[in-house]
Amino acid sequence: LQLLHSLLDELPTYVALLTSDYRIAFANRLFRERFGESHGRRCFEYLFGRAEPCPDCRTYEVLKTGRPIEWEWTGPDGRCYHIYDLPFTDTNGAPLILETGADITELKQAGEEIQRLNAELEQRVIERTRELSEAIQAFRQEIAERARAQMERERLLAEVQRRAAELDATISAISDGLIITDASADIVRMNEAALRILGIEAGFAPGPAEERSSLLGEGSPVDRALHGELVLGLRLRIRRPDGQHRDLLVNAGPIREGEGHIRGAVMTFADITPIMELQEQREDLLRAVSHDLRSPLAGVYGQAQLLERRLTSGAPTDKLRESIKWILRGAQRMNTLIGDLVDSARSEHGELRLSCRPIDLESALHEYLRERSATMDTDRIRVEIVDPVPPVLADRDRLERILDNLLSNALKYSEPGTPITVSIRRRGAEVVTSIADRGRGIAPEELSHLFQRCFRTPTAERREGLGLGLYITRLLVEAHGGRIWAESQLGVGSTFSFTLPVAGGERPGAQAQT
C-alpha cells in the first residue's frame, strides 16, 4: 500500500478518493500541494468555503448514473483541470469515487493563443486583399499613363492578366453575376455566375457588346452607367440563348478615373426568377379563389333569389326544398373548393390528409351526374362499365373534385353535342377511369406539361381559368396513391385516365389518410 501511495504521489495529475458524503478519503501529493489538507472537512467546505455542494460540480453524478464522466473544473487556485470520475465500491460495499485531474491550463491558454493568431492571420488576409485591390487599381492607372510605350505596355499587359486571374479567382465564388466593361461597352471581365445566369457557354470570349446580351445595348444598365448614372435595384427580364426567360435584379455604376472621366462600367445582377415565380404562384392562388368560387357562389345567389320569390308566391313545399338543397349544395361546393386550394399546397409538402373509405365507383358516378345535371350538360356524358368493378378506396369529396375538373374540361374543349365517354375497368389492384372526348386534340409537345401548375395549351381557343384545375387534379389523384395521364390525337380527341386503389388492397404511393 505504501508503494502504491508513493507511486500515486509521483503522478503528474492529482488523484483523490471521495466518499458519498463529499469527504476526501485519499489525496496524492499533487492534490495536497495544490489544495491543502482536508482534515476531515467536506470538499466544498475546505476548497471553496461553502456550506453546501457547488452547483456546477458534476463529480457526484456518477453515483446516480453508475457511469464514469469527463468534465472540466476550475479549482480554487484558478487553474483549469480535466476531470475523470470513476464510480466503484470498497471491500465493505461502500460507494466511492476515484477522481483524477490533469492540469490543462497551459493547453487551454495555447488554444486561446492559436485562436488569437488565427484572428490576426485572418485580419492580415483581409488587409492583404484590400492592398491587392488597391494595387490593381493603381496598376490600371499606370497602364493608362504609359499607353504610348509599346514595350512597357506589353509588360504591363502581362502583369494585368496575372492580376486579373487573381481577381477572377476571388470573385468566382460570388453568387451574383458580375460584368466589367470598358468605355465602349466591350466586356473585359465576366465571372462564372454571370455565365451561368445568362446561359452563356464557359468558352465565351469577351467582345463587342452588340454581339451578346441585351444587358449591354442602348438604354441598358451598362449604357446608363457609361453615361454617369448609378443604377440600383433595376428589375429586368432577359431571354437567354437557350430560349429561357430569366428575371434579374440589376445594379450598375460607372468606373471613373481620378479626374472623373468614365473609363468603363461595372454591373452586378442576381437571378430572381424563383422569387418572381413564387410571387406569380401567390397571385395565381388569389385569382384562383375568385375564379373557382364564382360559379358555386352564383348558384347559391340565384337559388336564394328563387327561394325568396317562391316564398313570396306561396310555392309548393317540394320546390322550396329543391331551392334549399341547391343552396346547401353550392355552399358545400365552395367549402370543397377552398379545401382543395389549401390541399394543393399541403400536397406539395406531403401534408395532404384524406378521409378514404370504400366507394362503389359506378353508383357514385351516376349519383354525381344526377347532382350535376342542373349545372353540367350531363346528357352528353355516357358511362361504360366493361366488367363488374370492385369498390375503390377514395375520399368522396376529392373524388368529386377530380370528376369536376376532368368532365368540365371535356365538355368545354369539345364540340357541342358530341358525346363524352366515361369508362371504368379494373386493372390488377386498381381501377382505371377514363374520360374521352371528341375535341380538337392536344399537340404531342404539350401533353407532358398538362398537369403542371398554371399551364394552359397555347392552341386552345377557350382559355378560361388559370390552369390550376389539372394541376390540383394530379395532386389529388397522387394523394390517393393513383396515377393520371393523358392521351390525345389532333383532330380526333383526348382521353384523360386516372387510377384509384381497390378497397382492401395496398395503396402504393399514397401520401396520407385519416
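Residues numbered from 1 in each chain as written. Predicted model: local features only at pLDDT ≥ 70, side-chain atom pairs only at ≥ 80, totals over all residues. Heavy atoms only, no water.

This next bit is on the overall build of the chain. Check the secondary structure of the chain and you find 14 helices and 17 strands. Taking all 514 residues of the chain together, 38% fall into the buried category. Counted over contacts in the chain with a minimum sequence separation of 6, partners at least 24 positions apart contribute 55%. (Helix = DSSP H or I, 4+ residues; strand = E, 2+ residues; numbered from the N terminus. Buried < 20%, exposed > 50% of the residue type's maximum accessible area, 1.4 Å probe, protein only. Contact = heavy atoms within 4.5 Å.)

Turning our eyes to something else, we now look at the nonpolar core. Residues Ile381, Leu406, Leu407, Phe496 and Phe498 are the most contacted members of the largest nonpolar core, which totals 42 residues. Those elements that provide at least two residues to this core are helix H11 (361–371), strand E13 (392–394), helix H12 (396–412), strand E14 (420–427), strand E15 (430–436), helix H14 (469–479), strand E16 (484–489) and strand E17 (493–501). Those residues in contact with Ile381 that sit more than four places away from it in its chain are Leu369, Met376, Leu407, Leu411, Ile420 and Val422. (Core = buried A, V, L, I, M, F, W, Y, C linked by side-chain atoms within 4.5 Å.)

With that out of the way, let us pick up the pairing of strand E4 (residues 80–89). As judged from the six bridges shared by strand E3 (residues 69–74) and E4, these two strands associate in the antiparallel manner. Residue pairing in the sheet places Ile69 in a bridge with Asp85 of E4. The loop that links E3 with its antiparallel partner E4 comprises five residues; one of these, Gly78, has a positive phi angle of about 80 degrees. As paired elements, E4 and strand E5 (residues 95–103) share nine bridges and run antiparallel to each other. Within E5, the residue paired with Pro87 across the bridge is Ile97. (Pairing = 2+ DSSP bridges.)

The next point concerns the sheet that holds strand E6 (residues 177–182). Two pairing modes exist for strands in a sheet, parallel and antiparallel, and in both the strands are linked by backbone hydrogen bonds. What the five strands build is an open sheet, ordered E7-E6-E10-E9-E8; its pairing is antiparallel. A strand with exactly one partner marks an edge of an open sheet, and here the two such strands are strand E7 (187–190) and strand E8 (231–239). Looking at each pair of strands side by side, their axes are set apart by 25 degrees on average, direction ignored. (Axes fitted to C-alpha atoms, helices over the stretch in contact; angles between N-to-C directions.)

Judged from the six bridges that link them, strand E1 (residues 14–19) and E5 form a sheet pairing that is antiparallel. Along E5, the bridge assignment pairs Leu17 with Leu98. Between the end of E4 and the start of E5, which pair antiparallel, lie five residues, with Gly93 showing a positive phi angle near 85 degrees.

As a further point, take the packing of H11 against H12. Where H11 meets H12, the closest approach of the two axes is 11 Å, and the angle between their N-to-C directions is 60 degrees. Every pair of crossing elements has a handedness; the one defined by H11 and H12 is right-handed. Contacts between H11 and H12 involve Leu361, Ala364, Leu365, Glu367, Tyr368, Leu369 and Glu371 from the former and Arg396, Leu399, Glu400, Leu403, Asp404 and Leu407 from the latter. Classifying every residue of the contact of H11 with H12 gives eight nonpolar, no polar and five charged. (Left-handed = near helix turned anticlockwise from the far one by under 90°. Nonpolar A, V, L, I, M, F, W, Y, C, P; charged D, E, K, R; others polar.)

A word on the packing of aromatic side chains. Using the criterion set out here, one finds eleven aromatic pairs in the structure. Between Tyr14 and Tyr81 the ring centres are 5.7 Å apart and the planes differ by 65 degrees, which places this aromatic pair in the edge-to-face class. Placement of the pair is Tyr14 in strand E1 and Tyr81 in strand E4, with a sequence separation of 67 residues. Since its relative accessible area comes to 1%, Tyr81 is described here as buried. (Phe/Tyr/Trp six-rings, centres within 6.5 Å; stacked < 30°, edge-to-face > 60°.)

Once that is clear, we can look at the side chain of Thr473. Topologically, Thr473 is positioned in helix H14. For Thr473, a relative accessible area of 0% corresponds to the buried category. What Thr473 contacts, discounting residues up to four positions off in sequence, is Ile402, Asn405, Leu406 and Ile484.

The subject of this paragraph is unusual backbone geometry. Glycine aside, a negative phi is what most residues show, and trans is what most peptide bonds show. We note that Tyr22 has phi near 70 degrees; this positive angle belongs to a residue other than glycine. Here Tyr22 falls in the partly exposed class, since its relative accessible area comes to 24%. One non-glycine residue, Ala185, adopts positive backbone phi at about 70 degrees. Here Ala185 is to be found in the loop between E6 and E7.

Reading across the sheet, the five strands line up as E2-E1-E5-E4-E3 and stay open at both edges, with antiparallel pairing between neighbours. The open sheet has two edge strands with one neighbour each: strand E2 (24–27) and E3. Pairwise comparison of adjacent strand axes, ignoring direction, gives a mean angle of 25 degrees for this sheet.

Applying the stated criterion across every chain, the model contains 30 salt bridges. Between Arg240 and Asp242 there is a salt bridge, and its shortest N-O distance comes to 2.7 Å. Judged by its relative accessible area of 12%, Arg240 falls in the buried class. Asp242 sits in the partly exposed class, given a relative accessible area of 45%. Two residues, Glu430 and Arg427, come together in a salt bridge whose shortest N-O distance is 3.1 Å. (Salt bridge = Lys/Arg side-chain N within 4 Å of Asp/Glu carboxyl O.)

Here Gly243 shows up in the loop between E8 and strand E9 (245–256). Residue Gly243 is classed as partly exposed on the basis of its relative accessible area, which comes to 26%. C-alpha separation for the pair Gly243 and Gly199, spaced 44 residues apart in sequence, amounts to 9.4 Å.

The next thing to look at is the confidence of the model for the chain. This prediction gives the chain a mean pLDDT of 83; 81% of its residues lie at or above 70. pLDDT under 50 marks residues 508–514. Its contacts with residues more than four places away, or in other chains, come to 24 contacts. (pLDDT = per-residue confidence, 0-100.)

Let us now look at the packing of H12 against H14. Direction vectors running N to C along H12 and H14 enclose 145 degrees, while the axes themselves pass 9 Å from each other. Crossing of H12 against H14: the hand is left-handed. Side by side, H12 and H14 meet where Arg398, Arg401, Ile402, Asn405, Leu406 and Asn409 of the first sit next to Gly469, Leu470, Ile472, Thr473, Leu476 and Val477 of the second. Residue composition of the contact of H12 with H14, by class: six nonpolar, four polar and two charged.

Structurally, the position occupied by Arg224 is in helix H8 (residues 221–226). Using a relative accessible area of 26% as the deciding quantity, one classes Arg224 as partly exposed. Between the alpha carbons of Arg224 and Ala265 there is a distance of 9.2 Å; along the sequence they are 41 residues apart. In this structure Arg224 touches Gly219, Glu229, Val231 and Leu234, once residues within four positions along its chain are discounted. Only 2.6 Å separates the side chain of Arg224 from the side chain of Glu229, close enough to count as a polar contact. (Polar contact = N/O pair within 3.5 Å; in protein donor to acceptor, adjacent residues only side chain to side chain.)

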